[in-house]
Amino acid sequence: MARPNPLLTVLKLAQDAEEQAALQLRSAQLELGRLKQQLDALNQYRLDYMRQLSGQEGKNISASYYQQFHRFIKQIDQAIGQQVQSVTGAETQLEHRRRHWLEKQQKRKAVELLLKHKADKREAKEARLEQKLLDEFAMQQFIRKGSH
């Protein structure tokens with residue numbers, strides 16, 4: 001019975017690591033998308049609120065309402081700033097996960113290539129052995145025919 005090839009175990013581990021890295025990459029992509037949606041929502045909310053104030057033009061607006069409005073806009077701007085930082089961090093994380101996945105993919109491909117080279121060598125060796133046996137058989141047939 002042929003002994004198991006340890007490279008197959010290495011390949012399985014490399015495939016598992018690549019799959020895990022792909023899952024982490026997908027998770028980072030989803031997180032970035034979620035954070036961008038939140039940022040878009042905050043920006044839209046700010047825009048809607050500014051439109052609301054624009055709709056008040058020409059009307060008498062109290063100073064306290066105006067101050068309250070600006071405080072609220074300042075809070076929205078702070079939230080937007082924090083969200084921009086979150087998006088930037090998520091983009092950095094996504095790039096890190098992408099590089100990690102590519103590294104794991106490269107390792108898996110290297111093991112597959114090594115296995116292919118070993119299989120090619122084994123097949124070439126088997127082909128040479130088979131050809132040698134065929135040559136010996138042909139030679140024996142030739143010798144037998146010559147002795148009759």
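Residues numbered from 1 in each chain as written. Predicted model: local features only at pLDDT ≥ 70, side-chain atom pairs only at ≥ 80, totals over all residues. Heavy atoms only, no water.

To keep things clear, this is the line we draw: UniProt positions are given in the numbering used here, feature names are shortened, and annotations may be inferred rather than shown by experiment.
The chain appears in an unreviewed UniProt entry as Flagellar FliJ protein from Shewanella amazonensis. Quoted straight from UniProt, the Subcellular location (unreviewed entry) entry for the chain says "Cell membrane". Of the chain, the UniProt comment under Sequence similarities (unreviewed entry) reads exactly: "Belongs to the FliJ family."

**Considering the environment of Lys145**
Stated formally: Labels follow the DSSP assignment, with helices taken as runs of H or I lasting at least four residues and strands as runs of E lasting at least two, numbered in each case from the N terminus. Each residue gets one of three labels from its accessible area relative to the maximum for its type: buried under 20%, exposed over 50%, partly exposed in between, using a 1.4 Å probe on protein chains only.
With respect to the helices, strands and loops of the structure, Lys145 is situated in helix α2 (residues 63-147). Judged by relative accessible area, Lys145 falls into the exposed class, the value being 67%.

**Regarding the packing of aromatic side chains**
Defined as follows: Under the pairing criterion, centres of Phe, Tyr and Trp rings, with the six-membered ring standing for Trp, must be within 6.5 Å; the plane angle then separates stacked pairs below 30 degrees from edge-to-face pairs above 60, leaving the rest tilted.
For the structure shown, the criterion picks out 4 aromatic pairs. An angle of 35 degrees between the planes, with centres 6.3 Å apart, marks the rings of Tyr45 and Tyr49 as tilted. Highlighted residues: Tyr45 and Tyr49, both in helix α1 (residues 6-54), separated by 4 residues, approximately one helical turn. Among the residues examined, Tyr49 registers a relative accessible area of 19% and is labelled buried. When the centroid spacing of 5.9 Å and the interplanar angle of 80 degrees are considered together, the rings of Tyr45 and Phe72 count as edge-to-face. Of the two residues, Tyr45 is situated in helix α1 and Phe72 in helix α2; the sequence distance between them amounts to 27 residues. Overall, the relative accessible area of 25% leaves Phe72 in the partly exposed class.

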